[in-house]
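The residues making up each chain are set out below.
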Amino acid sequence: MAPFLEKFFGSVYHQEQQDHSTNQYCKFNSALLTIFTSSLYLAALVASFFASWITRRFGRRISMIAGGVVFLGGAILNASAVHIAMLIIGRILLGIGVGFASQNLWPKGVLAEYRER
């Protein structure tokens, strides 16, 4: 969205305003935008490894609550962000929450599918 890009990624916003092509593939060359985008996914990947240990040690309920609280913190931080560092830290927290949730939810889906057969 233009206001978001203008506030946090000014150079990307100006590139977008100058580019009138219809090609959307690799349109922007911004390391900061790449870090912002990938931080959630990388944090989710790393967190899923730690979530399995926490789930075994403390149980699924505690693990899900911890992931939810971290995700909520990331959402609050992103909603109140005033600069790019807050956005990236918020995305990392969101990724940790996603990593915990995905680690804890996919086995239930697999088992539910197996039971139906």
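Residues numbered from 1 in each chain as written. Predicted model: local features only at pLDDT ≥ 70, side-chain atom pairs only at ≥ 80, totals over all residues. Heavy atoms only, no water.

**A closer look at the nonpolar core**
Formed by Leu5, Phe8, Phe9, Val12, Leu33, Phe36, Ala81, Ile84, Met86, Leu87 and Ile88, the largest nonpolar core amounts to 11 residues. Among the secondary structure elements, those contributing two or more residues to this core are α1 (2-8), α3 (31-58) and α5 (84-116). Per-element accounting of this core gives the leading share, four residues, to α5. With residues near it in sequence (within four places) discarded, Leu87 still touches Phe4, Phe8, Phe36, Asn78 and Ala81. (Core = buried A, V, L, I, M, F, W, Y, C linked by side-chain atoms within 4.5 Å. Buried < 20%, exposed > 50% of the residue type's maximum accessible area, 1.4 Å probe, protein only. Helix = DSSP H or I, 4+ residues; strand = E, 2+ residues; numbered from the N terminus. Contact = heavy atoms within 4.5 Å.)

**Thoughts on the packing of aromatic side chains**
Taken as a whole and assessed by the stated rule, the structure comprises one aromatic pair. Ring plane angle 85° and centroid distance 6.4 Å describe the contact between Trp53 and Phe58, whose orientation is recorded as edge-to-face. A relative accessible area of 46% places Trp53 in the partly exposed class. (Phe/Tyr/Trp six-rings, centres within 6.5 Å; stacked < 30°, edge-to-face > 60°.)

**What about α3?**
With 28 residues, α3 extends 38 Å between its outermost C-alpha atoms, agreeing within 8% with the 40 Å of an ideal straight helix rising 1.5 Å per residue. If you look at α3, its biggest bend is around 40°, right at Ser38. Of the positions making up α3, those classed as buried are Leu33, Phe36, Ser39, Leu40, Ala43, Ala44, Ala47, Ser48, Ala51, Ser52 and Thr55. Note on α3: the residue one or two positions beyond its end, Gly59, has a positive phi of about 105°. (Expected span 1.5 Å × (residues − 1). Bend = angle between axes of the 7 residues up to and from the residue.)

**With respect to the side chain of Arg91**
Take Arg91: it is sitting in helix α5. Under the relative-accessibility criterion, Arg91 is labelled buried at 16%. Reaching out from Arg91, the side chain makes a polar contact with the backbone oxygen of Phe36 at a distance of 3.2 Å. Ignoring anything within four residues of it in the chain, the contact list for Arg91 reads Phe36, Thr37, Ser39, Leu40, Tyr41 and Asn78. (Polar contact = N/O pair within 3.5 Å; in protein donor to acceptor, adjacent residues only side chain to side chain.)

By themselves, these figures tell us nothing about what the structure is for.
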